[in-house]
Amino acid sequence: MPQQRNDGRERETFPSSFLILYMNPQTQVIEQMIAGLLQPHPNHFLVEVRIKPTNNIKVFLDGDEGINLATLIEYNRKLYRQLDETEVYPDGDFSLEVSSPGLDEPLKNTRQYQKNIGRFLEIVLKDGTNKQGKLLEVNEDGIVIEWEEGKGKKKEIKQSAILFEEIKTTIIQVKF
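I will try to describe carefully the structure that is included in this document. Predicted, not measured: the structure shown is a model, and the values here were computed from it. (Residues numbered from 1 in each chain as written. Predicted model: local features only at pLDDT ≥ 70, side-chain atom pairs only at ≥ 80, totals over all residues. Heavy atoms only, no water.)

**So, the overall build of the protein**
To be explicit about the condition: Strands here are runs of E lasting at least two residues and helices are runs of H or I lasting at least four, both read from the DSSP assignment and numbered beginning at the N terminus. A 1.4 Å probe rolled over the protein chains alone gives each residue an accessible area, and that area as a share of the maximum for its type sets the label: buried under 20%, exposed over 50%, partly exposed in between. Accessible surface is estimated by sampling points in the Shrake-Rupley manner with a 1.4 Å probe; for residues, cover comes only from the protein chains shown.
Check the secondary structure of the protein and you find three helices and 10 strands. In sequence order, the protein lays out its α and β elements as β-β-α-β-β-α-β-α-β-β-β-β-β. Among the 176 residues that make up the protein, the fraction classed as buried is 31%. As displayed, the protein offers around 11500 Å² of accessible surface, 49% of which is attributable to carbon and sulfur atoms.

The structure is reproduced here in structure tokens:
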């Protein structure tokens, strides 16, 4: 169905399922731009790029030892400038948010797991099982967690290895 653009020309609109597939090239271009921005800073890494059909771009960056707000603002300004200059969105029809993932965001990559060794996790497996425990180890195939069972003299410390391919989501649990 044709739709008017800001410059008076018509453009074709597509079902939202098509937009998700159509957005992949834009996501790849943005990921390449971010890779260039991150290259001088090897301790910073890309977690995820999300693009909504409204062209709201959310970029999640992290660092092996965290990432501060001033650095995120700098990345945001540089990426915005690049997006604007390269005309990935020709009419400037986009918004950009660059942030670090919050505690409520699931872990997405091995580097995130690595930086959270020693923290408590809640893991939902693909079979629907929930596991909770302290992250002890991360390797290329998965993780090892530890938890306590029982109380008093019957208390036991148990460990379990979990393959990444079995994990649906992992959230950091804040314990006080």
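**Details of the packing of aromatic side chains**
Stated formally: We call Phe, Tyr and Trp rings a pair once their centres come within 6.5 Å, taking the six-membered ring for Trp, and we label the pair stacked below 30 degrees between planes, edge-to-face above 60, and tilted otherwise. Only Lys NZ and Arg CZ are tested; either one counts as a charge over a ring when it is within 6 Å of the ring centre and within 35 degrees of the ring normal.
Per the stated rule, a full pass over the model turns up three aromatic pairs. With a centroid separation of 5.4 Å and 35° between ring planes, the pair formed by Tyr-89 and Phe-94 is classed as tilted. For the pair formed by Tyr-89 and Phe-94, the shared burial category is buried. Clustering of aromatic rings is evident, with ring pairs tying together Tyr-80, Tyr-89 and Phe-94. Positioned above the aromatic ring of Phe-120 is the side chain of Lys-175, whose terminal nitrogen or guanidinium carbon lies 5.1 Å from the ring centre.

**Some thoughts on the environment of Lys-108**
What counts here: Two residues qualify as a contact provided that any one of their heavy atoms is within 4.5 Å of a heavy atom in the partner residue.
The residue Lys-108 is located in the loop between strand E5 (95-99) and helix H3 (110-115) in this model. As a C-alpha pair, Lys-108 and Val-47 span 61 residues in sequence and 6.5 Å in three-dimensional space. For Lys-108, the residues in contact, after removing those within four places along its chain, are Val-47 and Glu-48.

**Some remarks on the sheet that holds strand E9 (residues 156-163)**
Stated precisely, the cut-off is as follows: Here, any two strands with at least 2 DSSP bridges between them count as paired. In this description, a line fitted to the C-alpha atoms serves as the axis of each element, helices being fitted only across the stretch in contact, and the angle between N-to-C directions of two axes falls anywhere from 0 to 180 degrees.
Taken together, the five strands give an open sheet; going across it, the order is E9-E8-E7-E6-E10, and neighbouring strands pair in antiparallel fashion. Two strands close off the open sheet at either side, each with one partner strand: E9 and strand E10 (167-173). Between one strand axis and the next, the sheet turns by 40° as a mean value, whatever way the strands run. Across five bridges, strand E6 (residues 120-125) lies against strand E7 (residues 130-138) in antiparallel orientation. Its bridge partner lying in E7, Val-124 is registered against Asn-130.

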